[in-house]
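What the coordinates show
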Amino acid sequence: PRLSLALLAAESGARLCAIIHYLVRGQLGWFGLTIACLVPGYAAQLLSILWFRADGHSPGCWLLALHLLQLGLWKRPYNPGAAPNMPKPGGATCHGDSCRYWDVLRAMAETSGGAGEVLAQLGDVCVLRLLEALLQTLPHLLLQAYVVVAVDPAGFIPGVSAGLSLLSLAWALVSYSHFTSLLRPGHLSPPAAVILCLLLWRTGMLGTRVLALVLFARLYSFWVFAVAGVHWLLMSFWLVAQQTDIVAQPCRWRLFNCLLGAVYIFCYINVRPGPSKTRVAVFYAVSTWNILYCTWM
């Protein structure tokens, strides 16, 4: 939890510094694009508000203001019905929605009762953070990486912002994988060494894909959209062929496959139960071909 909180704070601070950096230097184009990368993050904020209402909590003005400032994910409710007065670190207790979601994460390690409810809250946190990372952090990472590679190689602030965004996105993926592993019967929380290896793997995987696309965009400009588009179509059709049942309604199911196909340009997220070795092998075969093609070009 401390690492998650530190990464979120560092990423937000670096993003703010990048915005001020472009504004002070008069680079209004990059300033506007950096601001625009914040807009998709409101999808995660909207989903957070909807989940507040679904949990029986009526969001007040201050809570809506937090979500408007994109701070809503720092505040998640806890349902005391399953485990009333759950102890928090330091002897405090959680009542209603007075518990920040990082406290819910910490409470998972502090309590032996109500574990199912705490795990459900942990799932809310991981899914919302992953959605925010994919919709907001990933576009910001691509933009700042392109600025560093193609526009201002000596730019310190864009470079730091890109590095922290990469690390934050990788950690969001690791946290989601950690949560899904806890859902399986008999699976315990992995040790810190395993988490570190997963973080390094995700960081390297995302970094190579982002770098390959940025270098290709620098050399061939808008042709990068053609390469990404081909990969997106392949992944979307592949997801349709798998007949994933995570979304029941046909229209939303198609939209889900299209959006996840876009995510698969950069990373693999398992959305089907059961062994995934074959699916992972197919994904990495296609991704490796794309990276080699971009590098050869």
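Residues numbered from 1 in each chain as written. Predicted model: local features only at pLDDT ≥ 70, side-chain atom pairs only at ≥ 80, totals over all residues. Heavy atoms only, no water.

So, the pattern of salt bridges
Stated precisely, the cut-off is as follows: Criterion for a salt bridge: a side-chain nitrogen of Lys or Arg within 4 Å of a carboxyl oxygen of Asp or Glu. Here a helix means four or more residues in a row that DSSP labels H or I, a strand means two or more in a row labelled E, and each is numbered from the N terminus. Exposure classes here rest on a 1.4 Å probe applied to the protein chains alone. A residue is buried below 20% of its type maximum, exposed above 50%, and partly exposed in between.
In this structure the tally under the stated criterion is four salt bridges. Where Arg129 meets Glu132, a salt bridge forms, and the shortest distance between an N and an O atom there is 2.6 Å. On the criterion of helical spacing, the pair formed by Arg129 and Glu132 is a turn pair, its members being three residues apart in helix α6 (residues 115–151). Take Glu132: its relative accessible area is 6%, and that puts it in the buried class.

Some thoughts on unusual backbone geometry
Backbone geometry places Ser221, a non-glycine residue, at a positive phi of 55 degrees. Assignment of secondary structure puts Ser221 in the loop between α8 (192–220) and α9 (223–242).

Let's talk about the packing of aromatic side chains
Heads up, the rule is: Each Phe, Tyr or Trp ring (for Trp, its six-membered ring) is paired with any other whose centre lies within 6.5 Å, and the angle between the two planes then decides the class: stacked below 30 degrees, edge-to-face above 60, tilted in between.
Throughout the structure, instances matching the rule amount to four aromatic pairs. With 4.9 Å between their ring centres and 35 degrees between their planes, Phe216 and Tyr220 make a pair best called tilted. Linking Phe216 with Tyr220, this pair stays in helix α8, spanning four residues, or about one helical turn. The exposure class of Phe216 is buried, given its relative accessible area of 4%. The exposure class assigned to Tyr220 is partly exposed, which follows from its relative accessible area of 26%. When the ring of Phe222 is compared with that of Phe225, the centres are 6.0 Å apart and the planes differ by 20 degrees; the resulting orientation is stacked. Residue classification places Phe222 among the exposed positions, given a relative accessible area of 65%.

Here we look at the nonpolar core
A general feature of soluble globular proteins is that nonpolar side chains tend to end up buried together. Under the convention used in this document: Throughout, nonpolar core names a set of buried Ala, Val, Leu, Ile, Met, Phe, Trp, Tyr and Cys residues whose side chains join them through atoms within 4.5 Å. An automatic or database domain assignment supplies the residue ranges for each domain. Here, two residues are considered to be in contact whenever any of their heavy atoms come within 4.5 Å of each other.
Counting 43 residues, the largest nonpolar core has Leu206, Tyr264, Cys267 and Ile269 as its most contacted members. The set of elements that each furnish at least two residues to this core consists of α6, α7 (156–183), α8, α9, α10 (250–263) and α11 (277–296). The two domains that each donate at least three residues to this core are domain 1 (1–75 + 100–220) and domain 2 (222–296). Residues in contact with Cys267, not counting those within four places in the same chain, are Leu134, Leu173, Arg202, Met205, Leu206 and Phe283.

Regarding the UniProt feature "transmembrane region" (unreviewed entry) in the protein chain
This is how the line gets drawn: UniProt positions are given in the numbering used here, feature names are shortened, and annotations may be inferred rather than shown by experiment.
According to UniProt, the "transmembrane region" (unreviewed entry) feature falls on residues 28–52, 145–173, 193–215, 222–241 and 253–271. Overall, residues 222–241 shows 95% helix and 0% strand. The separation of its end C-alpha atoms is 30 Å. The distance separating the terminal C-alpha atoms of residues 253–271 is 13 Å; by composition the span is 58% helix and 0% strand.

Structural notes on the side chain of His21
One can find His21 in helix α1 (residues 2–24). According to the relative accessible area criterion, His21 is buried, its value standing at 15%.

Let's talk about the packing of helix α3 (residues 42–54) against helix α4 (residues 61–68)
Heads up, the condition is: Helix axes are fitted to C-alpha atoms over the stretch in contact, other axes to C-alpha atoms as well, and angles between N-to-C directions run from 0 to 180 degrees. Oblique is the label for any angle not under 35 degrees, not over 145, and not in the 65 to 115 range, which are roughly parallel, roughly antiparallel and roughly perpendicular in turn. Handedness of each helix crossing follows the sense of rotation of the near helix against the far helix: counterclockwise by less than a right angle gives left-handed, clockwise gives right-handed. Here the term charged refers only to Asp, Glu, Lys and Arg, the term nonpolar to Ala, Val, Leu, Ile, Met, Phe, Trp, Tyr, Cys and Pro, and the term polar to all other amino acids, Gly among them.
In contact at an axis separation of 9 Å, α3 and α4 are set at 155 degrees when each is read in the N-to-C sense. Judged by the inter-axis angle, α3 sits roughly antiparallel to α4. The interaxial crossing formed by α3 with α4 has right-handed handedness. Taking contact as the criterion, the partners of Tyr42, Gln45, Ser48, Ile49 and Phe52 in α3 are, on α4, Leu63, Leu64, His67 and Leu68. Among the residues forming the contact of α3 with α4, the class breakdown is six nonpolar, three polar and no charged.

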